[in-house]
Amino acid sequence: MSFSSIASPFVAVFKGIWWFLDLCRRAFFNLIILLVLIAIAVALFTSKPDKPKDKTTLVLNLQGKLVEEVAGSPREHLLAGAQGEMVHQTRLRDVLTALKEACKDPNISQAVLDVSEFEGAGMAQLREVGTALTQFKACNKPLLSYGEHFSQAGYYLASHANEVNLHPMGMVELSGFGRQRNYYKDALDRLGITVHLLRVGTFKSFGEPYIANAPSKAALEADAYLYDALWADYMSSVEAQRKLPAGSITQLINTLPEALKATGGDGAKLALNAKLVDAVITRDLFREKIIKGGALDDKTIRQVSLADYARQAPSPPPSAPPWVWWWLKARSSTASPAPAPSAATPPPA
């Protein structure tokens, strides 16, 4: 019997033991790496900032457009953050939640609304934020607003503040509501294209760009009905918040050339004279106003951003599917009533 035939069983056993040990080693280290990755993910997505200290200022720095949900996937946001790119969108739910919680938080002494980089929103969303700002003021906490330039949407929100501050080089831009449409009749005629449009009714202007070069009287009337109502609602809300007489904004617009000439072309002074703003100051002077109502931390205003404060707020309970509510309702309706207490057993107090 040769030596190789005798040693081969031991070699096979040794290879098996070595394979098993190597498998355990790789599984052990892979498990450690997996646990580390899970810990990092949990720390990134579940960690919350420290709670604000006493006399903290809530800074509502609205970035970009106000949206119901931020566009893009979490992976895209993570990559954008790693590349140093900012997501210029503000979620409506974050603003409403932050204002609601700040109203009850004794550590929040005031709020600052900065709309310098705000890019607008729909009137329905603006009304929701405006209502939340009004409710915050009702908690006896000051609300200050500042803007290097007030757009129409930004000024709608800023007008809800106790004090509206504008940069000396800024202005309040109120352009009203409207839209522009392209008309293609001349272009289609040059291309030799004939459009056959079938429509029923007077106020049917969807197909007009293909058969005309300008809007019809009916289209102008329908658009005016909509935009005049929106503009009237906007003006009445701003005038009520700023405590201005009804029709003040309309009067300012009608006399704008003369009023602007009287201020030497200074848009900020024009807004101050029209009482659209309370003060025309630089950002440094506005910072001193914030300090009076708040506190300092190492020469820095004690503040918390909208994003950080919204993360601290309790999350709403998850909504259940409709079939769950149907099942609970059916279960409660079919439940047998509780037996009446007997004379020997007194009812509970």
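In this convention, every chain numbers its residues from 1, walking through the sequence in written order. Per-residue local features of the predicted model are confined to residues with pLDDT of at least 70, and side-chain atom pairs are confined, for both listing and counting, to 80 or more; whole-chain, interface and lining totals are unaffected and use all residues. Hydrogens and waters are ignored; side-chain quantities use all the structure's heavy atoms.

Draft legend 1. Broad picture of the sheet that holds strand β2 (residues 64-67). Sheet architecture is open: 3 strands sit in the order β3-β2-β5, paired in parallel fashion. Pairing within the sheet leaves two strands with one partner each, and these edge strands are β3 (89-91) and β5 (118-120). Averaged over all pairs of adjacent strands, the angle between their axes in this sheet comes to 40 degrees, without regard to strand direction. Any two strands with at least two DSSP-identified bridges between them are counted as paired. Put simply, DSSP H or I for four residues or longer makes a helix, DSSP E for two residues or longer makes a strand, and each gets a number counted from the N terminus. Across 3 bridges, the pairing between β2 and β3 is parallel. Residue pairing in the sheet places Val67 in a bridge with Arg91 of β3. Note on contacts: a residue pair qualifies if any of its non-hydrogen atoms lie within 4.5 Å across the two residues. Fitted lines through C-alpha atoms give the axes, limited to the stretch in contact for helices. The angle between two N-to-C directions lies from 0 to 180 degrees. Against the sheet, helix α3 (residues 92-104) touches β2 and β3, its axis set at about 55 degrees to β3.

Draft legend 2. Quick peek at the packing of aromatic side chains. Here a pair means two rings of Phe, Tyr or Trp (six-membered ring of Trp) with centres within 6.5 Å. Their orientation is stacked below 30 degrees between planes, edge-to-face above 60, and tilted elsewhere. One pass over the structure, following the stated rule, counts 8 aromatic pairs. Residues Tyr156 and Tyr234 carry aromatic rings whose centres are separated by 5.5 Å and whose planes lie at 35 degrees to one another, so their mutual orientation is tilted. In this pair, Tyr156 sits in helix α5 (residues 152-158) while Tyr234 sits in helix α7 (residues 217-241), placing the two residues 78 residues apart along the sequence. For the pair shown, Tyr156 and Tyr234 are each scored as buried. Ring centres of Trp231 and Tyr234 lie 5.3 Å apart, and the angle between their planes is 10 degrees; this geometry places the pair in the stacked category. Remark: Tyr234 and Trp231 occur in helix α7; sequence separation between them is 3 residues, near one turn of the helix. On the basis of relative accessible area, Tyr234 is assigned to the buried category, the value being 1%. Of the aromatic side chains, those joined through ring pairs into one cluster are Tyr156, Phe177, Trp231 and Tyr234. Only protein chains enter the accessibility calculation, which uses a 1.4 Å probe; a residue whose area is less than 20% of its type maximum is buried, one above 50% is exposed, and one in between is partly exposed.

Keep in mind these values describe shape, not function.
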